[in-house]
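# Chain and residue survey
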Amino acid sequence: MLHPITPEHYLVLSAALLLIGTVGILMRRNAVVILMSLELILNAVNLNLVAFGKQHGNASGQIFAIFIITVAVAEAAVGLGILIALFRNKETVLVDEIDLLKW
Amino acid sequence: MNLYYTSTDHFVLLPAILLALFGCATLLFDFLVFPDPRQRRWLLICLVLGEACAGIRFWRQQEFLNAYGGELTAFNGALTVDQFGLFFQWIFLATTLIVGLISYKYLEVREEHHGEYYGLLMLAQCGMFFLACGTELVTIFVGLETMAVTFYILVGFLRADKRSNEAAMKYLLLGGLSSGFLAYGFSVLYGIAGSTKLRVIAEAVSARNAWDPILLLAIATTAVGLLFKISAAPFHMWAPDAYEGAPTSITAFLAVGSKAASFALLMRLFFGPLGSARESWAPLMIAASILSMIIGNFAAVTQTNTKRLLAYSGVNHAGYILLGLIAGNPTGLKGMLVYLLIYTFMNLGAFLVLTVLTRKGLAGEDINDLNGLMQRAPGYAIWMLIFLVSLAGIPPTGGFFGKYFIFLALLETGHTTLAIIAALFVAVSVYYYFRLIKAIFIHKEEQDTPPLATSLGIRLALGVTGVLTLLIGVYPEPFLRLAQMSISR
């Protein structure tokens, strides 16, 4: 028997993505992977927005999603820029070796 | 639904347009018009001019609101200029201007003087504009990220300094996490209301039970995102690291501007659309507030780096300001505004004195670097004493009135236990502020240190912050009236 896919399904999926992203940020050592986890969280948000936009039948959700994609790109660009500056000075991207400041 | 760019829209948005234009122009001037490092002062003048132009426009808005009352809504409800928003715009304006003035000498000393710095300051302020005046989720989120991304760059501005790189990386990763949580909360709020306008969301939220699971999800994620931004415990881990590694002038901007902007958003959301679900978020805020006071105070006691110490003191202050939200009555709201206003000047002043201590090859961030400041520079020592006494909340300085209204609001609403806990922690905080005072006045200088890195701009900023910190404490009426006016609609 086939069940229709309701907004609740999307909500559960996006909550799972949020959780995976958060765990990724807190647990992974490699800064590049952490930046990827960050993108995962923002994609969870996008999924939510598009699903709710469909449910409510208005375009605000999709427009919000486009803005979030734009912001995510800006954040990733700055993040990678800082990472390169850090790599030049410290020759590592592993966050547990980036320990000059007490964590 | 109005599809055109009206004169009201223009009137409301013009300060932000001016800030963005001057910010971008400064970026261009940096390499097109003033490529010579000795011409950097013109970029600072650009910043002052930009702030003056934006200030004139804010003043026009203020005149309009004073004359006609109410609020100005633009872009079909995406932006609202009211007394509350304007109150914060003045704080942001003062902060950016003072940070610009104290940066010039500091960046020269650190040998990282680049023109884009002044442009970025204005762009960050442009983001803050939308945080205080945005009444629509997309606008708020884009404003928040404009501010946050600019801050990531500014924190890592000392490109050759490993600690600055590291601070920027940590701030970016945890700041990104908090923005993600906040955006998630926004997306669920949109799901609840079917609109991104705060007015519609307020109706949808009040129609629901406060313990509705979807609403709880939205509130929890939004609250976590905002608690990160205001550096309240247990989401404060980024603050000490970012504060320590960042250039000291940016630490001041981060501690004051970013915090005030995040509080503006917090108050807009939690007194506005989420206000009807108070019973479900109040326990969360109480926990965050008490934890902030515990962690902020006890961690600050053990610090030897002054910037880290002030970072933990900032965590502690965030806990106090949150108490006003917990009380939730008009006195609490007024208390939060007064507290943020005073916090701006006393904290900027304290960081300003720290920037002066930075000399070539001397970070000036250790508590011992303050030793004997009284003999070397009595003026700075006495102003620093006033800032620290004010941070501790002792009369006759401004800091006392910030705490006074918060306590008053707690007692009015029957949160006696919370008021007692908060009062006890004032005693703890006095201890570590007086450690700094002891270093300044009692300890002797160990060896000959180079003279302080002062300039006319720094002395001017010191005078303004110092006089205002004292003035608010001695003659608070006009400032209280300003805060009172900001909460009356």
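Residues numbered from 1 in each chain as written. Chains lettered and ligands numbered in written order. Predicted model: local features only at pLDDT ≥ 70, side-chain atom pairs only at ≥ 80, totals over all residues.

### Side note on the overall build of chain B
The criterion, for reference: Here a helix means four or more residues in a row that DSSP labels H or I, a strand means two or more in a row labelled E, and each is numbered from the N terminus. The globule rule is 2.2 Å times the number of residues to the power 0.38, and the radius of gyration it is compared with is taken over C-alpha atoms. Exposure classes come from backbone-placed C-beta atoms, where a residue is buried if 20 or more other C-beta atoms lie within 10 Å of its own, exposed if 12 or fewer do, and partly exposed in between. Whether two residues are in contact is decided by their C-beta atoms, placed from the backbone, lying within 7 Å.
When helices and strands are tallied, chain B shows 19 helices and two strands. For 489 residues, the compact-globule formula gives about 23 Å, and the C-alpha radius of gyration of chain B, at 21 Å, lands near that figure. Along the longest, intermediate and shortest principal axes, the C-alpha atoms of chain B span 70 × 55 × 40 Å. When burial is assessed residue by residue, chain B has 60% of its 489 residues classed as buried. Partitioning the contacts of chain B with sequence separation of at least 6, the portion at a separation of at least 24 is 80%.

### Some thoughts on the overall build of chain A
Within chain A one finds three helices and zero strands. Taken over the C-alpha trace, chain A has a radius of gyration of 17 Å; the compact-globule value for 103 residues is 13 Å, which it surpasses by more than 25%. Referenced to the eigenvectors of the C-alpha coordinate spread, the extents of chain A come out at roughly 55 × 30 × 20 Å. By the burial criterion, 35% of the 103 residues in chain A qualify as buried. When contacts within chain A are restricted to residue pairs at least 6 apart in sequence, long-range pairs at least 24 apart make up 45% of them.

### Description of the interface of chain A and chain B
Test applied: Lys, Arg, Asp and Glu make up the charged group, whereas Ala, Val, Leu, Ile, Met, Phe, Trp, Tyr, Cys and Pro make up the nonpolar group; the residues left over, Gly among them, are polar.
The interface is formed by 37 residues belonging to chain A together with 34 residues belonging to chain B. With 17 residues, helix 3 (residues 60-90) of chain A is the largest single contributor of residues to the side of chain A that touches chain B. Here the side of chain A that touches chain B is composed, by residue class, of 26 nonpolar, nine polar and two charged.

### Focus: unusual backbone geometry
Residue and element names in this part refer to chain B. At the junction of Ala233 and Pro234, the peptide bond is cis and its omega measures out at 0 degrees in the coordinates. Structurally, Pro234 can be placed in the loop between helix 8 (213-229) and helix 9 (238-245). The omega torsion across Pro395 and Pro396 is 10 degrees, close enough to zero to call that bond cis. Inspection of the secondary structure puts Pro396 in the loop between helix 15 (378-392) and helix 16 (398-412). Positive phi, normally seen in glycine, also occurs at Asn76, with a value near 50 degrees. Locating Asn76 in the fold gives a position in the loop between strand 1 (72-74) and strand 2 (79-81).

### Remarks on helix 17 (residues 416-441) of chain B
Residues and elements named next belong to chain B. The line we're drawing: In a helix, the anticipated span is given by 1.5 Å times the number of residues less one.
Its 26 residues give helix 17 an end-to-end C-alpha distance of 37 Å, which sits within 8% of 38 Å, the value for a rise of 1.5 Å per residue. Looking at helix 17, one finds that the buried residues are Leu418, Ala422, Phe425, Ser429, Tyr432, Tyr433, Leu436 and Ile440. Of the surrounding secondary structure, the elements contacted by the buried residues of helix 17 are helix 11 (278-301), helix 12 (306-327), helix 14 (373-376), helix 15 and helix 16.

### Topic: the packing of helix 3 (residues 83-109) of chain B against helix 4 (residues 116-133) of chain B
Residues and elements named next belong to chain B. As a reminder, the rule being used: Orientation is described by lines fitted to C-alpha atoms, with helices fitted over the stretch in contact, and by angles between N-to-C directions that extend from 0 to 180 degrees. When describing relative orientation, an angle under 35 degrees is termed roughly parallel and one over 145 degrees roughly antiparallel, while 65 to 115 degrees is termed roughly perpendicular and anything else oblique. Helix crossings fall into two classes, left-handed where the near helix is turned counterclockwise from the far one by less than a right angle and right-handed where it is turned clockwise.
Interaxial distance between helix 3 and helix 4 falls to 10 Å at its minimum, and their mutual angle equals 165 degrees. The angle between the axes of helix 3 and helix 4 places the two elements in the roughly antiparallel class. With respect to the hand of their crossing, helix 3 and helix 4 are arranged in right-handed fashion. The segment helix 3 lies against helix 4, with Gly85, Phe88, Gln89, Phe92, Thr96, Val99, Gly100, Ser103 and Leu107 engaging Tyr117, Tyr118, Leu121, Met122, Gln125, Met128, Phe129, Ala132 and Cys133. Tallied by class, residues from the contact of helix 3 with helix 4 come to twelve nonpolar, six polar and no charged.

### Thoughts on the nonpolar core
All names here are of chain B. Worth spelling out the cut-off: Here, a nonpolar core means buried Ala, Val, Leu, Ile, Met, Phe, Trp, Tyr and Cys residues linked by C-beta atoms lying within 7 Å of one another.
With 210 residues, the main nonpolar core has Leu131, Tyr152, Val155, Leu340, Ala350 and Leu352 as its most contacted residues. Sort the elements by how many residues they give to this core and helix 13 (residues 330-357) lands first, with 19 residues. In this structure, Val155 is in contact with Ala167, Ala168, Tyr171, Ala242, Gly245, Ala246, Ile250 and Leu254, ignoring residues within four places of it in sequence.

### Description of the confidence of the model for chain B
Residues and elements named next belong to chain B. Basically, it comes down to this: pLDDT measures how confident the predictor is about each residue, on a scale from 0 to 100.
Per-residue confidence for chain B gives a mean pLDDT of 91; residues scoring 70 or more make up 99%. Model confidence for chain B, summarised as mean pLDDT per element, is weakest for helix 14 at 85 and strongest for helix 5 (residues 137-155) at 95. Both scores are given for the predicted complex: the pTM is 0.95, the ipTM 0.95.

### Some remarks on the environment of Leu32 of chain B
Relative to the assigned elements, Leu32 of chain B resides in helix 1 (residues 7-32). Placed 99 residues apart in sequence, Leu32 of chain B and Leu131 of chain B show a C-alpha to C-alpha distance of 32 Å.

### Section: the packing of helix 9 of chain B against helix 12 of chain B
All names here are of chain B. Taken N-terminus to C-terminus, the directions of helix 9 and helix 12 make an angle of 140 degrees; their axes are 8 Å apart at the nearest point. Remark: the crossing between helix 9 and helix 12 carries right-handed chirality. Seen from helix 9, the contacting residues are Ala239, Pro240, Tyr243 and Glu244; seen from helix 12, they are Lys307, Arg308, Leu310, Ala311, Tyr312, Gly314 and Val315. Grouping the amino acids of the contact of helix 9 with helix 12 by side-chain chemistry returns seven nonpolar, one polar and three charged.

### Focus: the environment of Ala20 of chain B
Residues and elements named next belong to chain B. Tracing the backbone through its elements, the reader meets Ala20 in helix 1. For Ala20, a count of 20 C-beta atoms within 10 Å translates into the label buried. In this structure, the C-alpha to C-alpha distance between Ala20 and Met122, residues 102 residues apart in sequence, is 6.9 Å. Apart from residues lying up to four places away in sequence, Ala20 is in contact with Leu123 and Cys126.

### A few points about helix 3 of chain B
How we decide: For a residue, the bend is simply the angle between two axes, fitted respectively to the seven-residue segment ending there and the seven-residue segment starting there.
With 27 residues, helix 3 of chain B should reach 39 Å at 1.5 Å per residue; the first-to-last C-alpha distance of 40 Å fits that figure. The sharpest bend along helix 3 of chain B measures roughly 40 degrees and falls at Ser103 of chain B.

### Description of the environment of Asn305 of chain B
Residue and element names in this part refer to chain B. In this fold, Asn305 is placed in the loop between helix 11 and helix 12. You can call Asn305 partly exposed: it has 18 C-beta atoms within 10 Å. With 48 residues separating them along the chain, Asn305 and Gly257 place their C-alpha atoms 22 Å apart. With near-sequence residues (within four places) excluded, Asn305 lies in contact with Glu244, Glu365 and Asp366.

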